[in-house]
Every structure is written in C-alpha cells, then in structure tokens.
Amino acid sequence: MKPVETLKRKDTIAFREPTREDGSDVWELIKACEPLDVNSRYCNLIQCDHFAETCVAAIRADGKLVGWISAYLLPDDPQTLFVWQVAVSPLAQGQGVGKRMLNHLLDREACKDVTRMQTTITPDNEASWALFSSLARSRGARLTDRPHYRRDDHFDGRHETEHMVTIRFPDESRVAA
C-alpha cells in the first residue's frame, strides 16, 4: 500500500484567480472533500471562467490544486460576498489554507467594497463553523446565523437545514488581517 502523501509546512502554496483550465481539477478536489456537494464539471468550469475574480485556487509549488473557494458578489448587493464552497485537499488540511484563501479573497480589488460575507452551513459542519468563526474573530467582525434553507421547506427532508451565516466587517478590518 502506497503511503498517503501529506503537505509539509515548508511547502509553498500560491493563491490566484482560477482559469478555465482549472475546472476539472476543482471538480476532483471537491469530490475528495466530503461533505461538500459535488456539482457538475460544467458548473465548476463556469465558476473558474465567469467568476474568477471572486474565486480562489490554491496551488502547491508542484502545480497541484490543494484549495478552492467559489464565491460571488450578490447581484443586488455588491457589498456582500457570498461564499458558496471552501474546499481544502486532505493533503493540506490543518495548515490554515482555508482561512488564508478567505483573507486573500477579501484583500482582492474585486472585494474592496465588501462589508459583509455570507455563506450557508449545516449545523453539523464543525470545520466550516470553526473556519468562519476564526475569520470573523481575526478581523474583529460580528458573526450571526439563522436557519435559511430549511430541511423540509427547501430540501424535501433530504438535506440538513442550511444556516445563513453573516459576517459584518468593521471598517478597520478591511485592512489585511
């Protein structure tokens, strides 16, 4: 049996906008990151192509994709960044990659007017709660949540209720954390 590869702290990870060539790699990464919902390859291709300014690809020095964020500015509220998915490869988990990607995204020119971040999280997704709570604390922001997409109303009882998590950033936290 081949030993499982792990990311070393000395490994360098670069954060950049995705390109359409990243679409299949993003799909493979999300597939490896349970409990994330796997969308179609085409969906991930469109995210990489049409929403590159608000998505993040985390690339290891050897060129391997080890992290991904899909996000977009709300069409009717461009001060709110909605984070759809955060995926960190098992090769890079525990290294702070998720939080570093979120900070990288918030510090981009495309997000210069963002005053709020939103995402949805199921009550049992401890990793996501920890990630977004840590981001809010590090930026001196307030995190609130409420049930939003409900199990019975929106998912026909087949998916846990998703809580809308909102992080409101104070003006001074817009500076890189």
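Note: the structure precedes this text.
These numbers come from a predicted model, not from an experiment.

Participant: Looking at this structure, I do not really get the pattern of salt bridges. What am I missing?
Facilitator: When charged atoms on two side chains of opposite charge get close, those side chains can pair. Applying the stated rule across the entire model yields 8 salt bridges. Its salt-bridge partner being D77, residue R116 comes within 2.8 Å of it at the nearest N-O pair. One end of the pair, R116, is in strand β5 (residues 116-121); the other, D77, is in strand β4 (residues 77-88), with 39 residues separating them in the sequence. Among the residues examined, R116 registers a relative accessible area of 17% and is labelled buried. A cluster of three or more residues bridged by salt bridges with shared partners is formed by E28, K31 and R41.

Participant: In this structure, what is going on with the packing of helix α1 (residues 23-31) against helix α2 (residues 41-50)? I would like to understand it.
Facilitator: For any two helices packed against each other, the geometry is given by the interaxial angle and the distance between the axes. Two elements in contact, α1 and α2, have axes separated by 8 Å at closest approach and are oriented at 120°. The orientation of α1 with respect to α2, classified from their angle, is oblique. The two elements α1 and α2 cross, and the hand of that crossing is right-handed. Side by side, α1 and α2 meet where G23, S24, V26, W27, E28 and I30 of the first sit next to R41, N44, L45 and C48 of the second. Here the contact of α1 with α2 is built from residues that sort into 5 nonpolar, 3 polar and 2 charged.

What counts as what
- Residues numbered from 1 in each chain as written.
- Predicted model: local features only at pLDDT ≥ 70, side-chain atom pairs only at ≥ 80, totals over all residues.
- Heavy atoms only, no water.
- Salt bridge = Lys/Arg side-chain N within 4 Å of Asp/Glu carboxyl O.
- Helix = DSSP H or I, 4+ residues; strand = E, 2+ residues; numbered from the N terminus.
- Buried < 20%, exposed > 50% of the residue type's maximum accessible area, 1.4 Å probe, protein only.
- Axes fitted to C-alpha atoms, helices over the stretch in contact; angles between N-to-C directions.
- Parallel < 35°, antiparallel > 145°, perpendicular 65-115°, else oblique.
- Left-handed = near helix turned anticlockwise from the far one by under 90°.
- Contact = heavy atoms within 4.5 Å.
- Nonpolar A, V, L, I, M, F, W, Y, C, P; charged D, E, K, R; others polar.

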